[in-house]
Amino acid sequence: WGLLRARGDEKLAGKTMIYLFGIGLPLVTLTALIYFSVDLTTRSRSGDTVAATIEVVGKRWWWEVRYPGAAPDGSDIITANEIRIPAGQPVEIYLSTTDVIHSFWVPAIAGKLDMIPGRLNRMVIQADEPGEYRGQCAEFCGEQHALMAFMLVAQPPEEYAAWLEAQARPAPEPEDPFLARGRDAFLDAGCGTCHRVRGTTADGVLGPDLTHVGSRLTIGAGTLPNGIGPLAGWIADSQSIKPRNLMPNFNNFDGETLRAIAAWLESLE
Amino acid sequence: MSKRDLLTEVWRRPAGIRALTEVNNVYVGRYFIATAFTFFIFAGILALLIRLQLAVPDNDLLDPVAYNQIFTMHGTAMMFLVAVPIMEGFAVYLLPQMLGARDLPFPRLSAFGYWCYVLGGILLFSSFLFGAAPLDGWFMYPPLSLSQFSPGVNADFWLLGITFVEISALTAAVEIIVGVMKTRAPHMRLQDMPIFGWYMLVTALMIIFAFPPLLVGDAMLEGERAFGFPFFDAARGGDPVMWQHLFWIFGHPEVYIIFLPAAGIVSTILPVMVGRPLVAHNLFILSAVSTGFISFGLWVHHMFTVGIPHLSLNFFSAASMAVAIPSGIQVFGWIATLWGTRPKMTTPLLFILGFLFIFSFGGLTGVMVASVPFDWQVHDTQFVVAHFHYVLVGGMIFPVFAALYYWMPLHSGRMMSERVGKWVFWLKFIGFNLTFGPLHFAGLLGMPRRVYLHPEELGLGPINFVSTIGAFMMGVAALLFIIDLIRHHRHGPIAGSNPWNAGSLEWAGTTPMAPSGSTSLPPVQCRYPLWEDRSLNDRVQAGEFYMAIPATGGRETMRTGSISGEPEQVIVLPGPTWIPLAAAISVAFMIVGGLLYEGWMILVGGVVTLSLLVRWSWSTDYRHPEEIVNVGMNTRLPTYGSAPDSHAWWGLATALLADLAAYGGLLFCYFYMWTVAPEWPPEGIEATGERLPVAIAAAILILGSVIVQGSVIALRRGHAWIAKLAMPLAALAGLAWIGLELGVALDAWPEPQAHNYPTMAWAVLAYNMLHVLVAVLMALVVTLRLWLGLVTPERSIMIDNTALFWHTTLAFALVGVGVVHFYPLMLQGG
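Everything numeric in this text was worked out from a predicted model, so none of it was measured.

Caption draft 1: Quick look at the overall build of chain B. Scanning chain B from terminus to terminus reveals 24 helices and 4 strands. Computed over C-alpha atoms, the radius of gyration of chain B comes to 27 Å, within 12% of the 28 Å expected from 2.2 N^0.38 for 830 residues, which places it in the range of a compact globule. Seen through its C-alpha atoms, chain B measures out along the principal axes to roughly 75 × 75 × 45 Å. Of the contacts made within chain B by residues no fewer than 6 positions apart, 81% connect residues no fewer than 24 positions apart. As displayed, chain B offers around 28,500 Å² of accessible surface, 70% of which is attributable to carbon and sulfur atoms.

Given below as structure tokens:
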């Protein structure tokens, strides 16, 4: 090209530049890129043999997690906002929604896939190392899209099996009167309209299943760490913590009762 | 009165309140630009609020509802109220004079488009006053945007306001296409047209094909919100993904609809700054055209995470990367044009260099997100936010600033400050990169888009803080620009004529530009006429060339050959009129009625609009008493042209292309449902309706079209009486078709709300019924004019256009009837 310019043919030099860099360069690099991209697309997300099947249902603004037929009696294990998987094994996840479009995404583990009304999407993921990975809704789903997170916990397979077994059991009877008071207040206040706690009369399905809420790392779909304090705060004033979430504030308990409810929930491991 | 005085006189803008009746492009174009710039400031303020909210973790400055309203309106306003209209503004303002015409071929249509735009924009922004701003994102995905999850009028504000604004984009597109094809300078061949004309031609054609599918989508979504038609409701057989297809079939070309005019601006200004022609002019044209085509084939890359089969993902991924090639040609074309020159670093050139840098970077990340596995990771994260701001701010805002500095003298007759301009540029350039550069990393670290806060423990604080500082630097740049904009009107140096020593015709004449454009219209046979002939400017001003005196005594422009540019006709242009403003207001009245669910307002607005449109069309077919006039340079031209030579015929044909695109979008949806639904039509739902009456109805409609064509031929042979008697029969045939079809459809699907299948069938039929109704109306107007002697063998545009519309309507209806009543049968039989 220096040669071309030396010959004083500026126009030709300009055109050569366009052909070389404007057409040639992208053509070569893009062809290579497309090859690798297509190859990777084809290899990911598929897989026929899987160690576990999990259904995740997007809700405004939390996640219902089901392990179909995983209980000893063949029924489903239902939990919320926390997905446990065996580490080092492929796991298939079926994604759906009961309201608007959400998108399932654990940045450290895999790309995202949408949850769409009327459709069932399937993806296969694998966490190579045990650990706790934060997941997050990636499709705008309204007021609390920002605080619609969850935890993906990858455990060694034997720990995972033990966890499944524990999850299949109903909630234990309260160990002391204080916890019993918490349970009774929970049931009296009508919390069972929306929440289910297996082993009690609470059998609502609008909100997260709380049978083993005490065993989870976070509450409010990844909004707060779990614990008696956060649970009490959430019950009394979830609308400040996560404005517009679908649970109203329950701020007419006296302090003692509120603590009892929180303590009882925390005991549901 | 001297020659020049007469020219000035007929193009003078009326004084006082009647200034609102002006339709001339020199005013309307500037209104467009000024209005779009105002919305740009509003939308920019919204952007600053977004950045303030995200500046620190767990911020509670804005609650989620306010935040969602703000980001929705920021995106909506920037895309619909700023990017597209400001480019239309430049086209409306500059194209006629650049192409050597006096105005666009349909001045009233531009004015109507402008008023639709400004009223739609005000309507949209007024939603903030009622606390009801749209909050479902600028993409409005159902089911979030359906009334179940978005009660209240927020989404209706969006749907109705945007529909209104889209009308304006379409009118401008028709204008631009017919303007470029039919009203270039005498003897300007298509290949000698300035590069901006090419870019705008491609852009306008893209608008014609991309916007109508979204209009169809808007109508469906509003239909579902207001009347419960289940287009997208999965529980009743609909599919929310159908909206995503419609939206992105529009939405992706939209990006290039924004970028191509900007590329045209750069390709126009850059040669002037370096003082030599664009290198590889023809490759630029090729790139613009191929970008236009490719951009319609890659919408699915916005939907890689929907769960679409891998094969189609790979196809759209490859198509998305292919667009890098025309972009590469252009980028290196600009570099080649710059190469080896030592231009003066003026503000417009700085903005162009900034554009080259930022846009190229955005193009690189664009190639990244075109790769499916990469997109799965960064889709809906801040990485994408960063990517498209690089492409859009780099690819559109920077060229717009270059254009504002460069063409400002045409408006004000003065130069803006170079010193302030450099501050504006550097603040904007550094501020931009500070704002959006770091967001790439935020996205890679897992920060999603459209979140009103980021929790402290994610550690995204520092990145977002830097980003907010950058955003405010851009805000300061905008403020400085506005101050200089106001200041320069009084204190800027006088620009004189052709201050940049440009080569194109909009600079032929003095600054500020006269409402009539240049004093006389020179014959043009090269791409840079003012460079080719240094004396041209003076000779144009001396009135040496065509049309220095208004030959018909009023406003006029020249119609020239589509390819050759040979002078063909003097188009007598309409002058100032209230009709465009009144029509836009009555449409707005209808839309507000829709928002308030007030049936009477819709009815009154509809009737007034319809009568105004009839009144408008009544005066379109103007015939000047003098049939042939002298336009100077020993040339005599007719003052009337009939189809298909006339600009009116071209205008209708272009509009029908948009109509075709809308119908195509609707049929796409119809067949899409057949493809995705497992069993279609579903059990227990009537598949086709009665077919015999439908066949009879179709035969009657064909007869109607035959009658119309027969009338056209009869009139041409001088038998006006046949046309007078036959045209009402055609109208009757149209009404009969509507009646029969209604009967069948009501019988087969009495409750379309029950399921998506009958809703889709009704949608196709309703689209056709509406067309036949318009065709009937046109037939009646023509009948009336025939009887009044206003349609004659010599003056036949009205009946020719009516025939064109009738035949198109017939073709649409036959396809629609086939699809709804016979296609299901074919599948069941086979």
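Caption draft 2: Expanded view of the overall build of chain A. A tally of helices and strands in chain A yields 6 helices and 12 strands. For 269 residues, the compact-globule estimate of 2.2 N^0.38 gives 18 Å, and the C-alpha radius of gyration of chain A, at 26 Å, exceeds that figure by more than 25%. Looking at the 269 residues of chain A, the share that counts as buried comes to 51%. Contacts in chain A between residues at least 24 apart in sequence constitute 58% of all its contacts with a sequence separation of at least 6. Between the mean site of the 23 positive side-chain charges and the mean site of the 32 negative ones, chain A shows a separation of 12 Å.

Caption draft 3: Spotlight on the interface of chain A and chain B. Of the residues lining the interface, 54 residues belong to chain A; the matching set on chain B comes to 63 residues. Summing both partners gives a buried area of about 4,800 Å² for chain A against chain B, and 68% of it is carried by carbon and sulfur. The interface formed by chain A and chain B includes 2 salt bridges. Put simply, A:Arg119 and B:Asp239 hold a salt bridge, and the shortest N to O gap is 2.6 Å.

Caption draft 4: Region of the structure containing the sheet that holds strand E4 (residues 82-86) of chain A. All names here are of chain A. Spatially, the 5 strands line up as an open sheet ordered E4-E10-E9-E6-E7, and their pairing is mixed. Two strands in the sheet have a free side with no partner beyond their single neighbour: E4 and strand E7 (113-115). Averaged over all adjacent pairs, the angle separating strand axes in this sheet is 25 degrees, with direction ignored. In the sheet, strand E6 (residues 102-105) pairs with strand E9 (residues 131-137) via 2 bridges, with the strands oriented antiparallel. Following the sheet pairing, Trp105 is matched in E9 by Gln136.

Caption draft 5: Up close: the side chain of B:Asn154. Residue and element names in this part refer to chain B. With respect to the secondary-structure elements, Asn154 resides in helix H5 (residues 154-182). Here the side chain of Asn154 touches Ala132 through a polar contact of 3.5 Å, landing on its backbone oxygen. Those residues within four positions of Asn154 in sequence are excluded, and the remaining contacts are Gln69, Gly131, Ala132, Ala133, Pro134 and Leu135.

Caption draft 6: The arrangement of the pattern of salt bridges in detail. The full count for this structure, using the stated rule, is 26 salt bridges over all chains. One salt bridge in this structure joins B:Asp621 and B:Arg785, with 3.9 Å as the shortest N-O distance. Here B:Arg785 lies in helix H23 (residues 756-787) and B:Asp621 lies in the loop between helix H19 (599-618) and strand E3 (628-632), a separation of 164 residues in the sequence. Each of A:Glu64, A:Arg66 and A:Asp76 takes part in one network of salt bridges that share partners.

Caption draft 7: Spatial organisation of the packing of helix H3 (residues 64-98) of chain B against H5(B). Residues and elements named next belong to chain B. For the pair H3 and H5, interaxial distance at closest approach is 10 Å and the crossing angle is 20 degrees. Relative to H5, H3 is oriented roughly parallel. You can see that H3 and H5 cross each other, and the crossing is left-handed. Contacts between H3 and H5 involve Gln69, Thr76, Phe80, Leu81, Val84, Glu88, Ala91 and Leu95 on the former and, on the latter, Asn154, Trp158, Ile162, Val165, Glu166, Ser168, Ala169, Ala172, Ile176 and Val180. Each residue belonging to the contact of H3 with H5 can be placed in one class, and the counts come to 12 nonpolar, 4 polar and 2 charged.

Caption draft 8: Main features of helix H5 (residues 228-241) of chain A. Residues and elements named next belong to chain A. Its 14 residues give H5 an end-to-end C-alpha distance of only 15 Å, which falls more than 12% under 20 Å, the value for a rise of 1.5 Å per residue. Its axis deflected by about 75 degrees at Ile235, H5 carries its strongest bend there. Of all the residues in H5, the buried ones are Leu231, Ala232, Trp234, Ile235, Ala236 and Ser238. Of the surrounding secondary structure, the elements contacted by the buried residues of H5 are strand E11 (218-219), strand E12 (224-225) and helix H6 (255-267).

Caption draft 9: Spatial organisation of the packing of aromatic side chains. Residue and element names in this part refer to chain B. In this structure the tally under the stated criterion is 81 aromatic pairs over all chains. Both rings, one in Phe315 and one in Phe316, keep their centres 5.0 Å apart while their planes meet at 85 degrees; by these two values the pair is edge-to-face. Classification of Phe315 by relative accessible area gives exposed; the value is 51%. Over the face of the ring belonging to Tyr640 we find Arg623, whose NZ or CZ atom lies 4.9 Å from the ring centre.

Caption draft 10: Seen up close, the pairing of strand E2 (residues 567-572) of chain B. Residues and elements named next belong to chain B. With 5 bridges joining them, strand E1 (residues 556-560) and E2 adopt antiparallel strand pairing. Bridged to Glu556 within E2 is Val572. Between E1 and E2, which follow one another and run antiparallel, lie 6 residues, and Gly565 among them has a positive phi close to 75 degrees.

Caption draft 11: Quick peek at a nonpolar patch on the surface. Residue and element names in this part refer to chain B. There is a patch of nonpolar side chains on the surface, built from Leu205, Phe209, Leu657 and Leu660 and spanning about 290 Å² of accessible area. The set of elements that each furnish at least two residues to the nonpolar patch consists of helix H6 (195-227) and helix H20 (647-676). Positionally, Phe209 belongs in helix H6.

Caption draft 12: Focus on the packing of helix H2 (residues 25-54) of chain B against H3(B). Residue and element names in this part refer to chain B. Direction vectors running N to C along H2 and H3 enclose 155 degrees, while the axes themselves pass 7 Å from each other. Here H2 is positioned roughly antiparallel relative to H3, judged by the angle of their axes. Along this stretch, H2 crosses H3, giving a crossing that reads as left-handed. In terms of residue class, the contact of H2 with H3 is made up of 28 nonpolar, 7 polar and 2 charged.

Basis of the calculations
- Numbers given for residues are sequential positions, taken from 1 along each chain in its written order.
- Starting at A for chains and at 1 for ligands, labels are handed out in the order in which the entities are written.
- Residues qualify for local features only when their pLDDT is at least 70, as the model is predicted, and side-chain atom pairs are given and counted only at 80 or more; totals for whole chains, interfaces and linings, by contrast, use all residues.
- Working from all heavy atoms in the structure, the side-chain values ignore hydrogens and water.
- The helix count covers DSSP runs of H or I at least four residues long, the strand count covers runs of E at least two residues long, and both are numbered beginning at the N terminus.
- Our radius of gyration looks at C-alpha atoms and nothing else; its globule reference is 2.2 Å times the residue count to the power 0.38.
- We call two residues in contact when some of their heavy atoms are within 4.5 Å.
- Areas reported as accessible are Shrake-Rupley estimates using a 1.4 Å probe. Residue values count occlusion only from the protein chains shown.
- Residue burial is assigned from relative accessible area. The probe radius is 1.4 Å, only protein chains are included, and a residue is buried under 20% of its type maximum, exposed over 50%, and partly exposed in between.
- The charged-residue count follows a simple rule in which Lys and Arg add positive charge and Asp and Glu add negative charge, with His and chain termini not counted at all.
- Where a charge lies is defined by one atom per residue type: Lys uses NZ, Arg uses CZ, Asp uses CG and Glu uses CD.
- What gets called buried area is simply the loss in accessible area from a 1.4 Å probe that two parts show on being joined, summed for both.
- By convention in these notes, a salt bridge is any Lys or Arg side-chain nitrogen within 4 Å of a carboxyl oxygen on Asp or Glu.
- When DSSP finds two or more bridges between a pair of strands, those strands are recorded as paired.
- Helix axes are fitted to C-alpha atoms over the stretch in contact, other axes to C-alpha atoms as well, and angles between N-to-C directions run from 0 to 180 degrees.
- In protein, a polar contact requires one atom able to donate a hydrogen and another able to accept it; more generally it is a pair of N or O atoms within 3.5 Å, and residues adjacent in sequence count only if both atoms are side-chain atoms.
- Note on terminology: angles under 35 degrees are roughly parallel, angles over 145 are roughly antiparallel, angles of 65 to 115 are roughly perpendicular, and the others are oblique.
- The crossing is said to be left-handed when, going from far helix to near helix, the turn is anticlockwise and less than a right angle, and right-handed when the turn is clockwise.
- Amino acids outside the nonpolar list (Ala, Val, Leu, Ile, Met, Phe, Trp, Tyr, Cys, Pro) and the charged list (Asp, Glu, Lys, Arg) are all regarded as polar, and Gly is one of them.
- One fewer than the residue count of a helix, multiplied by 1.5 Å, yields its expected span.
- Axes are fitted to the seven residues ending at a residue and to the seven starting at it; the angle between these axes is taken as the bend at that residue.
- Only the six-membered ring of Trp is used, alongside the rings of Phe and Tyr, when aromatic pairs are assigned; centres must lie within 6.5 Å, and planes under 30 degrees apart are stacked while those over 60 apart are edge-to-face, with the rest tilted.
- Two limits define a charge over a ring: the Lys NZ or Arg CZ must be within 6 Å of the ring centre, and within 35 degrees of the ring normal.
- For patches, a residue must show more than 30% relative accessible area and have no salt bridge; joins then use 9 Å for like charges and 5 Å for nonpolar side chains, namely Val, Leu, Ile, Met, Phe, Trp and Tyr.

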